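One letter stands for each residue in the lines below.
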Amino acid sequence: MNVEKQTLVQVKNLIKYFPVYQGIIINRHVKDVKAVDDVSFDIYKGETLGLVGETGCGKTTVGRTILHLYKPTSGQILFDNIDLTLLQENELRKVRNRMQMIFQDPYASLNPRMTVGSIISAPLDVHTSFTRKEKQDRVQELLKLVGLNPDFVNRYPHEFSGGQRQRIGIARALAVSPDLVVCDEPISSLDVSIQAQVVNLLEELQNKLGLTYLFIAHDLSMVRHISDRMVVMYLGKIMELADRNSIYLRPLHPYTKALMSAVPIPDPDLSSRRDRIILKGDIPSPLNPPEGCNFNTRCPIATDLCFQSEPEYRELEADHFVACHFAQPPQ
Amino acid sequence: MEPLIKIDNLKTRFHTEDGIVKAVNGISYSMDPGEVLGVVGESGCGKSVHALSIMRLIQIPPGEIESGEIWFDGQDLLKLSNKEIRQIRGRDIAMVFQDPMSSLNPVYTVGLQIMEAIMLHKDMNKKEARERAAELLTLVGIPEANKRLDNYPHQFSGGMRQRAMIAMALSCDPKLLIADEPTTALDVTIQAQIIDLVVKLQEELGMAVMWITHDLGIIAEMVHKINVMYAGFIIERGNAMDIFNRTRHPYTMGLLGSLPRIDEAPGTKLTSIPGLPPDLVNLPEGCPFYARCTYREDHCKHERPLLEATESNEHLVACWRWQEINGEGAK
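Residues numbered from 1 in each chain as written. Chains lettered and ligands numbered in written order. Predicted model: local features only at pLDDT ≥ 70, side-chain atom pairs only at ≥ 80, totals over all residues.

Caption draft 1: Molecular detail of the overall build of chain B. What chain B contains, in helices and strands, is 10 helices and 12 strands. Relative to its length of 331 residues, chain B is compact, with a C-alpha radius of gyration of 21 Å against a globular reference of 20 Å. If you line up chain B on its principal axes, its C-alpha atoms span 65 × 50 × 45 Å. (Helix = DSSP H or I, 4+ residues; strand = E, 2+ residues; numbered from the N terminus. Rg over C-alpha atoms; globule rule 2.2 N^0.38 Å.)

Caption draft 2: Layout of helix α1 (residues 47-54) of chain B. Residues and elements named next belong to chain B. Most of α1 sits inside the fold, with 6 of its 8 residues counted as buried. Within α1 the residues assigned to the buried category are Lys47, Ser48, Val49, His50, Ser53 and Ile54. In the stretch just after α1, Arg56 is the one whose phi turns positive, near 55 degrees. (Buried ≥ 20, exposed ≤ 12 C-beta atoms within 10 Å, placed from the backbone.)

Caption draft 3: Fine view of unusual backbone geometry. Residue and element names in this part refer to chain B. Cis rather than trans, the peptide bond between Ile60 and Pro61 has omega equal to -20 degrees. Counting through the fold element by element, Pro61 comes out in the loop between α1 and β4 (63-72). The omega angle of the peptide bond from Pro61 to Pro62 is 10 degrees, so this bond is cis rather than trans. Although it is not a glycine, Asp73 adopts a positive phi angle of roughly 55 degrees. For Asp73, the position within the fold is in the loop between β4 and β5 (75-76).

Caption draft 4: Summary view of the interface of chain A and chain B. Each partner contributes to the interface: chain A provides 35 residues, whereas chain B provides 37 residues. Of all the elements in the fold, those that place two or more residues in the side of chain A that touches chain B are α6 (192-209), α7 (220-226), α8 (244-249), α9 (254-262) and α10 (268-273) of chain A. If one sorts the elements of the side of chain A that touches chain B by residue count, α6 of chain A sits on top with 7 residues. Among the residues making up the side of chain A that touches chain B, the classes are represented as 17 nonpolar, 12 polar and 6 charged. (Contact = placed C-beta atoms within 7 Å. Nonpolar A, V, L, I, M, F, W, Y, C, P; charged D, E, K, R; others polar.)

Caption draft 5: Structural context of the pairing of strand β1 (residues 5-16) of chain B. Residue and element names in this part refer to chain B. Strand direction decides the pairing type here: β1 and strand β2 (residues 19-31), joined by 10 bridges, are antiparallel. Bridge pairing in β2 links Phe14 to Val21. The turn joining β1 and β2, which pair antiparallel and follow one another in sequence, is formed by 2 residues. Bridging between β1 and β4 involves 8 bridges; their strand directions are antiparallel. Note on β4: the bridge partner recorded for Lys11 is Ser67. (Pairing = 2+ DSSP bridges.)

Caption draft 6: Focus on the environment of Thr294 of chain B. Note that Thr294 of chain B resides in the loop between α10 (250-258) and β11 (308-309). Sequence spacing of Thr294 of chain B and Pro250 of chain B is 44 residues, and the spatial spacing of their C-alpha atoms is 7.4 Å.

The structure is reproduced here in structure tokens:
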């Protein structure tokens, strides 16, 4: 890793609660779904930050809140030192062309009634004052960039396979030359051999265009493959943040340890020799997360302390953050 | 040893408006009692359709089992009447489906749904069936089984529903359990729980298990044999070491190369398979993998390779050039 890392995005104490209302006549705010609960991290320019966690851990909400698709309940999001939380809608729109998103479901995220050409040029209509000809040229260029035949501009999404549709989604995200691309489970609905094609394309584009990715997924081996650093979330909180090697070789949090050991390895020799940590029980509901440490209901090493006080999220060694009372800096 | 099930030249087709979809194209293999078989392939490779054909759950029309024999317990399952197959289905051969959310009936209690299968196949009254159902829930690791029997499916989490489905499948001590992607809809820590459970139950109860999946990693450590399927054909078959360490088919190699590994070295590039699987309506005349294969030769296009033995009689491969391919796919 290079020494001088420039921060592109700074997330500080981000909280996003979704209110739950009850009652028909008097609509009372009864509780909150604590989707993201006090999360802080940085994204450096040109890196891929992987965000992993199980269903309902708040990873997608983090991604969407960074783009201000959701308004945060509290906390700050600094994008290139601009505090997005203070911006008005029209000021926000000017920043938005520097951050784009690739969605999970390539079947639902493309309008079936629009041609590929108009899908990809939609962001250009909003964010640029290109002429028609310039837009057409840009679309051709983008299609070539993502490995699709430029003659496909007048086709409709249903004429493409899942992998090709995801390429269209990528082309649309890149249309306005963004700095940051939030990839929200971009490959989880694709077949194994197609997943590799899309991941290789994303890596290639990053090298070519100097993109910064926030890569959200639940597939740990894929996230580790593509990321420089990884964030592990559980029930709205960050459990651990470290670079891809430390988090696999020296995980400090018991949840990360269990998660890493649960990933199947396609090697019969190795996987039969591995010790698996099998966690008991299910993830608690984010409507009432447990008192103390969020992970205490499933943690193999939890003590009374974990049920009473919440562990501090702290930097145990350089660039290795963890939230566990018992995490020790490695020798 | 007499095989438990012997499938001979099974061909399953679907008649659709676009033509005849050739989903399963003449597959033959056998399973021994107590054997664990992994069936691997991408979507549309015929892995689920072939399992449904064994269970006689293919809807006719539009489906049709064009030819083949499935010998189980001295009888050809394909020649049995509907009444006769119902005696076997659920009792001797049981199945666990992919989506635990939609395979339980939401308006009946979980207990009732498990008891239904027991009372149908065993000579038990309601009270005995309930006791047996509680026993089964305990067996699959659901605490307070007696109380849980009166719960409805929505009161169960995803992992617990899949456990309940497994309990239901085990209710009549089947000789063969077919698990069709039972962990695909689950999180990785819950997936580890379910795999652990099935492996333990298989050892305890001695039944044969067919585990259908698209994830080679999952089955690496638990299976005796693996069938790799592509476009309705078995293209490679062998034990785990054969498939992972002495790979002989270019498709299997490609599949292994597309999978990132959690323990991979930094800078590893995924080797994706170019292109898409063939259209099952217009199946190519020669090798089904021809269009995507890096080892292809002219005659591969016209002559379809059949499964043949490699150095070992147990390791079969359908490729003209298997002798030149000795991939240490997993290394």
